[in-house]
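# Geometric and topological summary
Residue-level listing of the chains:
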Amino acid sequence: MRHILKILNTNWIHLIGFLITAYLGGIFFKLIGVESEQNWSEVFFDNILLIPFSILIYGIPFLIGFYSIIIILDFLSFYFTGINTTKVILIEWILIVTPFWYWAFKYEFWIWLPLSLSLLITQVLRVKSINRFREIKPKVAL
């Protein structure tokens, strides 16, 4: 059970990925002319403070739901199955991002697309740590 907790602890990387992606996404969207209400100084400098603040204030319901789902999927996948880590990570990614792709196109809220890519990248970054923790088997007292 201890190795499952270590696997669950690797999910912190998603928040870092979301912060970086939201910042880079703002720059990219300004370059291509999507959501261009901000001027360049706001995109480069104000967003350094506004993005973490926005994620922590407005993103709390999203983060609670996201982390609840990914922790449940991680626990079920890694505790009860012997499925390859990469397959588990990709299945989790597809299950989680599918509704966000739908909302991105339906409501033209394009930040969901780079955030989906960010989730894929951070999931792949977790594979090495997860594999290291999965090799640790709990000791059974005889």
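First things first, this report covers the structure right here in the doc.

### Points about the packing of aromatic side chains
This model, assessed by the stated rule, comprises 17 aromatic pairs. Ring centres of Phe-75 and Phe-80 lie 5.8 Å apart, and the angle between their planes is 90°; this geometry places the pair in the edge-to-face category. Judged by its relative accessible area of 25%, Phe-75 falls in the partly exposed class. The structure contains a cluster of three or more aromatic residues connected by ring pairs, namely Phe-18, Phe-62, Phe-66, Tyr-67, Phe-100, Trp-103, Phe-109 and Trp-112. Lying over the aromatic face of Phe-133, Arg-132 brings its terminal NZ or CZ to 5.0 Å of the ring centre.

### Examining the pattern of salt bridges
This structure, assessed with the given rule, holds two salt bridges. Of the charged contacts in the structure, one is a salt bridge between Arg-126 and Asp-74, with a shortest N-O distance of 2.7 Å. On the criterion of sequence distance, the pair formed by Arg-126 in helix α6 (residues 112–134) and Asp-74 in helix α4 (residues 60–80) is long-range, its members being 52 residues apart. Bridged by salt links that share partners, the residues Asp-74, Glu-92 and Arg-126 form one connected network.

### Concerning the layout of surface pockets
Of the voids in this model, the largest pocket is the one considered here, and its volume is about 640 Å³. Contributing to the lining of the largest pocket are 23 residues, with Ala-22, Ile-51, Ser-54, Phe-109 and Ile-111 lying nearest its centre. Of all the elements in the fold, those that place two or more residues in the lining of the largest pocket are α2 (12–32), α3 (40–57), α4 and α6. It is α3 that contributes the most residues to the lining of the largest pocket, six residues altogether. Across the lining of the largest pocket, the residue classes break down as 15 nonpolar, five polar and three charged.

### Some words on unusual backbone geometry
Positive phi is not limited to glycine here, since Glu-108 has a value of about 50°. As for its position among the elements, Glu-108 is in the loop between α5 (85–107) and α6.

### Quick look at the nonpolar core
By size, the foremost hydrophobic cluster in this structure holds 18 residues, and its most contacted members are Phe-18, Ile-55, Phe-66, Ile-96, Trp-112, Leu-115 and Leu-119. Secondary-structure elements contributing two or more residues to this core are α2, α3, α4, α5 and α6. The biggest single contributor to this core is α5, with five residues. In contact with Ile-96, other than residues within four places in its own chain, are Phe-66, Ile-69, Ile-70, Leu-73 and Leu-119. In terms of nonpolar packing, the next biggest core, distinct from the first, is built from nine residues, Ile-7, Phe-78, Val-88 and Val-127 among them.

### Re the packing of α4 against α6
Where α4 contacts α6, the axes come no closer than 14 Å and their chain directions differ by 35°. Crossing of α4 over α6 shows right-handed handedness. Two secondary-structure elements touch here, α4 through Phe-62, Phe-66, Ile-70, Asp-74 and Phe-78 and α6 through Trp-112, Leu-119, Gln-123, Arg-126, Ile-130 and Arg-134. Here the residues of the contact of α4 with α6 sort into seven nonpolar, one polar and three charged.

Rules of the game
Residues numbered from 1 in each chain as written. Predicted model: local features only at pLDDT ≥ 70, side-chain atom pairs only at ≥ 80, totals over all residues. Heavy atoms only, no water. Phe/Tyr/Trp six-rings, centres within 6.5 Å; stacked < 30°, edge-to-face > 60°. Buried < 20%, exposed > 50% of the residue type's maximum accessible area, 1.4 Å probe, protein only. Lys NZ or Arg CZ within 6 Å of the ring centre and 35° of its normal. Salt bridge = Lys/Arg side-chain N within 4 Å of Asp/Glu carboxyl O. Helix = DSSP H or I, 4+ residues; strand = E, 2+ residues; numbered from the N terminus. 1 Å grid on protein atoms, 1.4 Å probe; cavity = no way out; pocket = protein on both sides within 12 Å on 5 of 7 lines; lining within 4 Å. Points joined across faces, edges and corners; volume = space filled by probe spheres on them. Nonpolar A, V, L, I, M, F, W, Y, C, P; charged D, E, K, R; others polar. Core = buried A, V, L, I, M, F, W, Y, C linked by side-chain atoms within 4.5 Å. Contact = heavy atoms within 4.5 Å. Axes fitted to C-alpha atoms, helices over the stretch in contact; angles between N-to-C directions. Left-handed = near helix turned anticlockwise from the far one by under 90°.

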